[in-house]
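Listed below are the residues making up each chain.
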Amino acid sequence: ITTIAPICRGNTFSITASNLVNLCIANNTERNFGISFVNFIGTTPPSDVYSGGTLMGTVPYSVINSCAGSATLSNLGGSLDAGSYTICAILSPTSDNATCRPYQCITYTINALPAVTITSNGPVCTGQTINLQTTSPTGLPASAYDWTGPGGYIQNDTQNPSRTGATLSMAGDYTVTVTDVNTCSGVSTVSVVVNASPVVTATSNGPVCTGQTINLQ
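Presented here is an overview of the structure given in this document. (Residues numbered from 1 in each chain as written. Predicted model: local features only at pLDDT ≥ 70, side-chain atom pairs only at ≥ 80, totals over all residues. Heavy atoms only, no water.)

1. Some remarks on the overall build of the protein
Here is step 1 of the chain: When you go through the protein residue by residue, the secondary structure sums to two helices and 16 strands.
Here is step 2 of the chain: Relative to the 2.2 N^0.38 estimate, which gives 17 Å for 217 residues, the radius of gyration of the protein is 32 Å and therefore markedly larger than a compact globule would have.
Here is step 3 of the chain: Expressed as lengths along the three principal axes of its C-alpha atoms, the size of the protein is roughly 120 × 30 × 25 Å.
Here is step 4 of the chain: The contacts of the protein with a sequence gap of at least 6 include a subset with a gap of at least 24, amounting to 60%.
Here is step 5 of the chain: With an accessible surface of roughly 12000 Å², the protein has 51% of that area assigned to carbon and sulfur atoms.
Here is step 6 of the chain: Across the protein, the centroid of the 4 positively charged side chains sits 6 Å from that of the 8 negatively charged ones. (Helix = DSSP H or I, 4+ residues; strand = E, 2+ residues; numbered from the N terminus. Rg over C-alpha atoms; globule rule 2.2 N^0.38 Å. Contact = heavy atoms within 4.5 Å. Areas by Shrake-Rupley, 256 points an atom, 1.4 Å probe, with all protein chains shown as cover. Lys, Arg positive; Asp, Glu negative; His and termini not counted. Charge placed at Lys NZ, Arg CZ, Asp CG, Glu CD.)

2. Comments concerning the sheet that holds strand β12 (residues 153-156)
Here is step 1 of the chain: Spatially, β12-β11-β14-β15 is the arrangement adopted by the four strands of the open sheet, whose pairing is antiparallel. Of all strands in the sheet, those with a lone pairing partner are β12 and β15 (185-192), marking the two edges. Taking each pair of neighbouring strands and ignoring which way they run, the sheet shows an average axis angle of 15°.
Here is step 2 of the chain: Relative to β15, strand β14 (residues 172-179) runs antiparallel, the two sharing eight bridges. Looking at β15, one finds that Thr179 is bridged to Ser185. (Pairing = 2+ DSSP bridges. Axes fitted to C-alpha atoms, helices over the stretch in contact; angles between N-to-C directions.)

3. Concerning the state of the cysteines
Here is step 1 of the chain: Using the criterion set out here, one finds three disulfides in the structure.
Here is step 2 of the chain: Bridging Cys8 to Cys184, the disulfide has an S-S length of 2.1 Å. Disulfide Cys8-Cys184: the torsion about the S-S bond is -95°, which places it as left-handed. With a gap of 176 residues between them, Cys8 in strand β1 (residues 7-8) and Cys184 in the loop between β14 and β15 connect regions that are remote in the sequence. Grouping residues by exposure puts Cys8 and Cys184 together as buried.
Here is step 3 of the chain: The disulfide partner of Cys24 is Cys67, and the gap between their sulfur atoms is 1.4 Å. Handedness here is read from the sign of the S-S torsion; for Cys24 and Cys67, about 80°, the answer is right-handed. With Cys24 in the loop between β2 (13-20) and α1 (25-28) and Cys67 in the loop between α2 (61-64) and β5 (69-76), this residue pair connects regions lying 43 residues apart in the sequence. (Disulfide = S-S within 2.5 Å. Buried < 20%, exposed > 50% of the residue type's maximum accessible area, 1.4 Å probe, protein only.)

Written out as C-alpha cells, the structure is:
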C-alpha cells in the first residue's frame with residue numbers, strides 16, 4: 001500500500017494497493033475479488049481486519065479487471081477527526097476460506113488545525129487606531145500570520161497588527177490565517193465597527209470687556 005503523508009484535518013488523501021495477484025477465479029478457483037479499504041482508529045490493527053472498522057470504499061474486480069493489478073481510491077479522510085489511524089486493504093468480498101484472507105495495513109496521521117481567535121478594540125471612532133489581537137498556538141513565528149481586511153487590507157508576518165487613522169472604509173471583517181509547524185492552517189474573523197467622530201463647532205460672544213459675561217455656544 002502507498003504511504004500516506006501526514007495531512008491536515010479536512011484535507012483528503014489517495015491510497016493504492018498494488019502488486020495484487022490471483023484476484024480472478026481462473027487463478028484462485030473461488031471468485032473474482034476486488035479490494036476494500038477499511039479504516040481503524042489507532043496505530044494497531046485488530047487481530048481480524050476483516051471484522052469491524054469503517055469501510056472507506058471498495059474497488060470492485062470489474063474496475064481492476066485483471067488477475068493482477070492495482071486498486072486506488074481517492075478523496076478519502078475529509079471528514080475524519082485529528083488523530084492516528086490504520087487503513088487496511090482486504091479482499092472484497094471476503095473469501096469463504098478463512099485461511100485465505102490476505103491483507104496489508106499502514107498507519108497515517110491527521111493533524112489538527114491550529115485553534116485561532118481574534119479580538120479587537122472596536123468599536124473605534126474615525127481617526128483612532130484599530131488594534132487586532134490573535135490568540136493562537138504559542139511559539140509560532142511572525143511569518144505564520146496572514147491578515148486581510150476591508151479596502152484591500154493585507155498584512156503579513158504580524159501577529160497583532162494595527163491600523164492607524166481609522167476611516168469609515170476600514171470598518172468590516174478582518175480575517176487571519178495562521179499556519180502551524182505542520183503546515184496546517186486555522187482561520188478566524190472579527191468584525192470591526194468604525195463610528196464617525198462627531199463634528200463640533202463652538203462660538204462665543206467675544207471679545208468682551210472686563211466685567212461682562214462670556215457666553216459659549
